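One letter stands for each residue in the lines below.
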Amino acid sequence: MPVILAIESSCDETSAAVIRHGQVRSNVVANQTVHVQYGGVVPELASRAHQQHIVPVVSQALAQAQTAKTELDAIAFTRGPGLLGSLLVGGSFAKALALGLAKPLIEVHHMHAHVLAHFIEEPQPQFPFICLTVSGGHTQLVLVRAPLDMTIIGQTQDDAVGEAFDKAAKILGLPYPGGPLIDQHAQTGNPEAFSFPEVQTPGLNFSFSGIKTAFLYFVQDKTRQNPDFVTEHLSDICASMQHTLVKILLGKLRRAARELKINEVAIAGGVSANRGLRQALRDLANREGWRVHVPAFQYCTDNAAMIAMAAHYKYLAGEFVGQDISPEPRLAF
Amino acid sequence: MELICENLAQLPAIARQVRNFAGPLRVWLMEGQLGAGKTALAQAVCRDLGVTDPVSSPTFAIVNQYATAQGQPVYHLDCYRLKNEAEALDIGVEEYLYSGHYCLIEWASRIQALWPPAYLAIDIALGPGQERRLNLTRHD
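Residues numbered from 1 in each chain as written. Chains lettered and ligands numbered in written order. Predicted model: local features only at pLDDT ≥ 70, side-chain atom pairs only at ≥ 80, totals over all residues. Heavy atoms only, no water.

Q: Please set out the overall build of chain B residue by residue, giving values where relevant.
A: Broken down by element type, chain B carries four helices and seven strands. For chain B, the N- to C-terminal ordering of α and β elements is β-α-β-α-β-β-α-α-β-β-β. Taking 2.2 N^0.38 as the reference for a compact globule, 140 residues should give roughly 14 Å; the C-alpha atoms of chain B span a radius of gyration of 14 Å, in line with that estimate. For chain B, long-range pairs separated by at least 24 residues make up 57% of all intrachain contacts whose partners lie at least 6 apart in sequence. Of the accessible surface of chain B, which amounts to about 5800 Å², a share of 50% is contributed by carbon and sulfur atoms. (Helix = DSSP H or I, 4+ residues; strand = E, 2+ residues; numbered from the N terminus. Rg over C-alpha atoms; globule rule 2.2 N^0.38 Å. Contact = heavy atoms within 4.5 Å. Areas by Shrake-Rupley, 256 points an atom, 1.4 Å probe, with all protein chains shown as cover.)

Q: An account of the interface of chain A and chain B is requested, with residue identities and associated values reported.
A: Contact residues are listed per partner, giving 32 residues for chain A and 29 residues for chain B. Here chain A and chain B share an interface that buries about 2500 Å² over both sides, 57% of which is from carbon and sulfur atoms. Taken together, the connections running from chain A to chain B amount to one salt bridge. For A:Arg330, the salt bridge is made with B:Asp53, and the minimal N-O distance between the two is 2.8 Å. Remark: the boundary between chain A and chain B carries eight residue pairs in polar contact (both at pLDDT 80 or more). Where the side of chain A that touches chain B is concerned, the elements lending two or more residues are α1 (43–64), α4 (161–171) and α6 (209–225) of chain A. Partitioned by chemical class, the residues of the side of chain A that touches chain B number 12 nonpolar, 10 polar and 10 charged. (Buried area = accessible area lost by both parts, 1.4 Å probe. Salt bridge = Lys/Arg side-chain N within 4 Å of Asp/Glu carboxyl O. Polar contact = N/O pair within 3.5 Å; in protein donor to acceptor, adjacent residues only side chain to side chain. Nonpolar A, V, L, I, M, F, W, Y, C, P; charged D, E, K, R; others polar.)

Q: Help me get a handle on the sheet that holds strand β7 (residues 139–146) of chain A, residues and values and all.
A: Residue and element names in this part refer to chain A. With mixed pairing, the five strands of this open sheet are ordered in space as β8-β7-β6-β9-β10. The strands lining the two open edges of the sheet, one partner per strand, are β8 (149–155) and β10 (291–293). Ignoring which end each strand starts from, the neighbouring axes of this sheet average 25° apart. (Pairing = 2+ DSSP bridges. Axes fitted to C-alpha atoms, helices over the stretch in contact; angles between N-to-C directions.)

Q: Which residues make up the confidence of the model for chain B, and what values go with them?
A: For chain B, mean pLDDT is 92; residues scoring 70 or higher make up 100% of the total. Across the interface, the model reports ipTM at 0.76; the global pTM reads 0.88. (pLDDT = per-residue confidence, 0-100.)

Q: How would you explain the domain arrangement of chain A if you had to name every residue and give the values?
A: Many descriptions give the size of an interface as the accessible area lost when the pieces come together. Residue and element names in this part refer to chain A. When its domains are assigned, chain A resolves into domain 1 (3–115 + 299–316) and domain 2 (123–294). Computed over C-alpha atoms, the centres of domain 1 and domain 2 are 28 Å apart. Contact with domain 1, which involves 13 residues of that partner, is made by 16 residues of domain 2. In total, domain 1 and domain 2 occlude about 1200 Å² of area from one another, counting both sides; carbon and sulfur atoms represent 78% of this. Taken as a group, Met111, Val115 and Cys300 account for 47% of the area that domain 1 buries against domain 2, more than any other trio of residues on that side. The interface formed by domain 1 and domain 2 contains one residue pair in polar contact (both at pLDDT 80 or more). Among the secondary structure elements, those contributing two or more residues to the side of domain 1 that touches domain 2 are α3 (110–116) and α10 (304–316). Broken down by element, the residue count for the side of domain 1 that touches domain 2 peaks at four residues, all from α3. When the residues that make up the side of domain 1 that touches domain 2 are grouped by side-chain class, the tally is seven nonpolar, five polar and one charged. (Domains from an automatic or database assignment.)

Given below as structure tokens:
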């Protein structure tokens, strides 16, 4: 069983993790909190900060795992998808380290890794299962047949659901990051107070662009009648918007589970921290008789532990790459 | 030139008209408030170029890259989260702007100092209901 160092740098988090015999021994994330003041993922800070963080983050991951570099059996990195400048930092570092240590190199698809985050801790999902991966940049329904055999069966045609949360917050004048604030205000609001038209999309695909526009019109219209509308009804607006977004997500998830006759269901990605989504998923699971899997929060957001987990399976399958590998911003799933 | 798009169904035809108007211009700067339809227009243009990849909002990723039917790259950028030009330079925005390939940029006003000499400016205004008014200006 291998000892692997994994590096993640696809977006704004620099992270390194060590996995030993399939057990994650360390997972160090340098979260660029400096981004918050600029209203989001700031690439300039991202690529520059990745360069500043990568050496200390890797050293710390090895130290916490009490692992010497010479003990490593392979080096893994996120090849894509992501921002090229950010991917290059982690990819180049991993390649150089692999070359220097004369160890094999493993490339990992960031979105595969989100799904495989479910195998870091017990209880693990049984195959086949359906994973709903929800984040700021992605909304995907994935049919998972085996650790290295998965297919997208539905995805967003425009905005990701995390973006819908963040942009709704922006329309309400809430500070960044807006998604978690919507969740927070929604706790005390009435989810049925307002209704927003849902865009019907074919099959298992999602669309969140229309609801963003409908939400904008709604807020503009109400504010015209009453300039204090947002402040007076903030909790109800947030609860209603969250309820609508969650309903869209779970509607498609239920359809997928019924069509495929699968009752093993998982969620992954940063938005799976949303309390409204978790509660609604639990309720739905009870009605549908599903077994539901939600990774610990630290494995939902971007992290290298999930890259390490994916790399572990690729190592066992003998899937290595050469030094001629390049980061790929639009890596196919 | 002004184009009026009354509803989503007209968008594919509008996208073709914008392409015809743009001629050889490859850098398109799209302005318009949240919900104006910048991403929707980019989607329609990509479809018109034969892109079969899902075209989604680049707000989170900053740059989305697709491929046309002929395998040519199409860059879809979003400067919404950028604070200034220096940040754009650091992600290598010039690599995209001067690539000679289509470069569809949302919230381009954030990087005004980096605009190339030749570009197509597209201002999208929200009309009543689904209606959108597209104001197109060529800068050759």
